[in-house]
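# Fold and contact review
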Protein chains: 2
Amino acid sequence: MIASTFAWAKGHGTENDYIVLPDYDGGVHGDLSKELVTTLCHRRRGLGADGVLRVVRSSSIHGVPETDAEWFMDYRNPDGSVAQMCGNGARVFVRFLAESGLVDPTGPIRFGTRSGTKTATIAEDGSICVDMGTVELQGSVEIAVGDRSWKAHKISVGNPHAVVFVDSLEEAGPLQETPEYDVSDFPDGVNVEFVRPEADGELSMRVYERGAGETRSCGTGACAAAVAHVVTEDLVTPTTIRVGVLGGTLEVPVDTGNEVKLSGPAVIVAQGELELRLAG
Amino acid sequence: MIASTFAWAKGHGTENDYIVLPDYDGGVHGDLSKELVTTLCHRRRGLGADGVLRVVRSSSIHGVPETDAEWFMDYRNPDGSVAQMCGNGARVFVRFLAESGLVDPTGPIRFGTRSGTKTATIAEDGSICVDMGTVELQGSVEIAVGDRSWKAHKISVGNPHAVVFVDSLEEAGPLQETPEYDVSDFPDGVNVEFVRPEADGELSMRVYERGAGETRSCGTGACAAAVAHVVTEDLVTPTTIRVGVLGGTLEVPVDTGNEVKLSGPAVIVAQGELELRLAG
C-alpha cells in the first residue's frame with residue numbers, strides 16, 4: 001500500500017471529465033506514473049475521469065516540443081498512455097490556470113502541449129475558445145465495427161481521427177469494442193467519430209476515443225468532424241460549425257486553410273487535497 | 001454558484017463505490033441536500049459514486065430508528081433518495097470508522113442504520129462481515145424486462161428485492177431500463193437480482209438497483225439471492241453461499257431462520273478535503 005497526499009481538482013467540458021494535478025515545478029508527481037493515472041481514472045476502484053491533466057511549468061518537463069509559454073498541459077489517457085492534445089481537456093486546463101491566478105484571464109492565454117503551443121481566450125459568457133491549429137486531411141481509410149464498415153476521412157488534429165458520416169448515430173451500435181482499422185493507417189491508434197449532418201446545418205456526433213472507449217464528447221473529434229463537413233459540403237470559410245455531442249454542444253470556427261478553434265464550456269467541479277492509496 | 005469545503009473519502013466494496021462524508025455532529029451537511037448528493041454522485045459532472053455514506057453520531061440524526069450504537073450510517077442513493085440499508089456500503093462505512101479510529105477494530109462494531117442496529121467484525125484477512133439481520137421471504141411476484149417476464153421471489157433484507165433465477169445472465173439483456181413490476185408489490189421501488197446457480201454450488205448474479213441502474217455489486221441483493229437459493233434447493237443451514245458479482249465475490253453465511261451475514265472486501269481509496277461547487 002503506497003499512500004501519498006497531493007492537491008487535485010476535477011473538472012469537465014461537455015461532460016468529458018478530468019482530474020487536474022497541480023505540479024508546478026514537477027516535484028510532486030515526477031514523470032507521473034501509469035499506476036497513478038489508471039487509479040485516478042478508474043470509475044469504481046479510483047476517483048473516475050476521462051483523463052489526467054498535469055499542470056506543470058514548461059521549464060520543468062522534458063521530452064516535449066519546445067515552447068515559450070510558461071505552462072504546459074501534460075495530458076494522459078485513462079489507461080496511462082501519453083496523448084498529444086485534448087480539446088475539451090484544454091478548456092478545463094485553461095479554466096484551472098485562470099481560477100488559480102496563474103494567468104491573466106482577460107488576455108490571450110498561451111500554453112504548451114505535445115502538439116505545439118496553443119492560445120485560448122475566455123469569452124464574457126464564460127465559454128473558452130482554444131486555437132487548435134491546422135486540421136490536416138489525409139485521404140480516406142476504412143473503419144469497421146462488427147460486420148459493418150464505412151469509408152472514413154483520415155484526419156489529424158495533432159492526434160489521429162477517422163470521421164465517418166452516417167445516416168443515423170445508431171448505425172455504429174453500442175460501440176463496446178474498439179472499431180477496426182488498418183494498423184498501417186493508424187500505428188498509434190485512432191479516435192473514431194460517427195457524424196450525422198442535421199437539418200439545421202449542425203452536426204451530431206458520437207465518438208470512440210482510443211484508450212477510453214465511447215465518451216460523452218471529444219474536442220479534437222468535433223474539429224475533425226467540422227472540417228470534414230466543410231470540405232464535403234464545399235462550404236465557404238470562415239464559418240462556424242456547431243457540433244452536438246452526448247455531453248453538450250461545441251462550436252468550431254473553421255478558417256481558410258482548415259485552421260480551427262474550439263469553443264465551449266469548462267467547469268471546475270471540486271478541488272482540494274487528497275491522500276490516495278495505491279494497492280502495492 | 002455555491003462553494004463549500006468539507007472532508008470526504010471515497011471507498012469501494014466489490015466495486016460498489018461510495019463517497020463518505022464525515023459529519024460527526026451533523027453540523028457540516030445538516031440534512032444532506034439532494035442537490036449535494038446528486039452532484040457528488042454524478043460520474044461526469046460531479047465526482048462519481050453509487051451512493052453517499054454520511055458518518056454521523058446517532059444522537060445527531062433524527063427521524064430514524066432508535067439505536068444505542070454511537071455511529072449512524074446515513075445512506076443515500078445517487079438520485080438523492082434515502083435508503084434503509086446498503087450491504088457493500090456498510091462494509092465501506094465500517095472500514096472508514098476503523099481507519100479513522102472511531103471504533104475498536106478488534107471487537108464487534110455496532111452501528112445504526114434505517115433498518116436497525118447492525119454488528120460488524122473485521123477478519124484477519126481484512127474482509128468485513130456485517131450482520132444483515134433476518135431475510136424475509138414474501139411470496140412470489142412477476143418481473144418483466146422488455147417483452148420477457150419471469151416469476152421472482154419477493155424478498156425483504158430491510159430493503160425490497162425481487163430475485164429471478166435464470167439459465168443465463170444474458171437473459172435480462174443490457175438492463176438499460178428499469179425492470180417492470182406491479183407497483184402494489186413494491187410501492188417504494190425494488191432491486192432486481194438475476195441469479196444463475198453455477199456448477200460448483202456458487203451463484204453468479206447481475207443486479208439492477210433502484211435509483212442507480214445496473215451496478216457492479218449489491219450486498220443486500222447477494223443476501224436475498226443466497227436465501228432464495230437455500231430455500232429453493234432446500235439446503236441444510238447453517239451454510240455459506242458464495243455469490244459472484246461483476247465487481248468481485250461476496251460470501252453470505254445463512255443461519256437457521258434465514259438470519260444472514262454478508263462478508264467481503266472494503267477499501268478506502270482516497271480521502272481529503274474538497275471544495276465543491278454546485279451550479280446555483
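Please read all numbers here as calculations on a predicted model, not as lab measurements. (Residues numbered from 1 in each chain as written. Chains lettered and ligands numbered in written order. Predicted model: local features only at pLDDT ≥ 70, side-chain atom pairs only at ≥ 80, totals over all residues. Heavy atoms only, no water.)

For these two chains of identical sequence, chain B goes onto chain A by a turn of 180° and a shift of 0.0 Å along the axis, with RMSD 0.0 Å. Seen this way, the second copy is the image of the first under a two-fold rotation axis. Minimal C-alpha separation from the rotation axis in chain B is found for B:Glu273, amounting to 2.7 Å. Of all interface residues in chain B, 100% are interface residues in chain A too; the two copies therefore contact each other through one and the same surface. (Least-squares fit on C-alpha atoms with pLDDT ≥ 70 in both. Contact = heavy atoms within 4.5 Å.)

Next up on the list: the domain arrangement of chain A. Residue and element names in this part refer to chain A. When its domains are assigned, chain A resolves into domain 1 (2–127 + 266–278) and domain 2 (134–264). Each side of the interface is counted separately: domain 1 has 16 residues, and domain 2 has 20 residues. Both faces combined, the contact of domain 1 with domain 2 buries some 1,300 Å², and carbon together with sulfur accounts for 45% of it. Its largest share of buried area at the contact with domain 2, domain 1 owes to Thr14, Glu15 and Arg91, together 33% of the area lost on that side. Counting across the interface, domain 1 meets domain 2 through one salt bridge. (Domains from an automatic or database assignment. Buried area = accessible area lost by both parts, 1.4 Å probe. Salt bridge = Lys/Arg side-chain N within 4 Å of Asp/Glu carboxyl O.)

Below, the discussion takes up unusual backbone geometry. Cis peptide bonds are those with omega within 30 degrees of zero, and the linkage from A:Thr237 to A:Pro238 qualifies with -5°. A positive phi is found at A:Leu175, a non-glycine position, where the angle reads about 55°. If you trace the backbone, A:Leu175 turns up in the loop between β10 (160–165) and β11 (191–197). Assessed through its relative accessible area of 4%, A:Leu175 is described here as buried. Non-glycine residue B:Asp234 carries a positive phi angle of around 55°. (Helix = DSSP H or I, 4+ residues; strand = E, 2+ residues; numbered from the N terminus. Buried < 20%, exposed > 50% of the residue type's maximum accessible area, 1.4 Å probe, protein only.)

Moving on, we get to the interface of chain B and chain A. One frequent convention defines the size of an interface as the accessible area lost when the parts assemble. Counting from both sides, the interface comprises 24 residues of chain B and, opposite them, 24 residues of chain A. Taken together, the two surfaces of chain B and chain A that pack against each other cover about 2,400 Å², and 46% of this comes from carbon and sulfur. For chain B, the biggest contributors to the area lost against chain A are B:Arg44, B:Val269 and B:Arg277; these three give 30% of the whole. Joining chain B to chain A, the criterion identifies six salt bridges. One salt bridge connects B:Glu99 with A:Arg277, and the closest N-O pair in it is separated by 3.1 Å. Within the residue set of the side of chain B that touches chain A, elements represented by two or more residues are β1 (2–13) and β17 (267–278) of chain B. The greatest single-element share of the side of chain B that touches chain A, amounting to 10 residues, is contributed by β17(B).

Residues and elements named next belong to chain A. Among the structural elements, glutamate 180 can be located in the loop between β10 and β11. As a C-alpha pair, glutamate 180 and valine 192 span 12 residues in sequence and 9.8 Å in three-dimensional space. If we ignore the near neighbours within four places in the chain, the residues touching glutamate 180 are Glu142, Ile143, Ala144 and Gly146.

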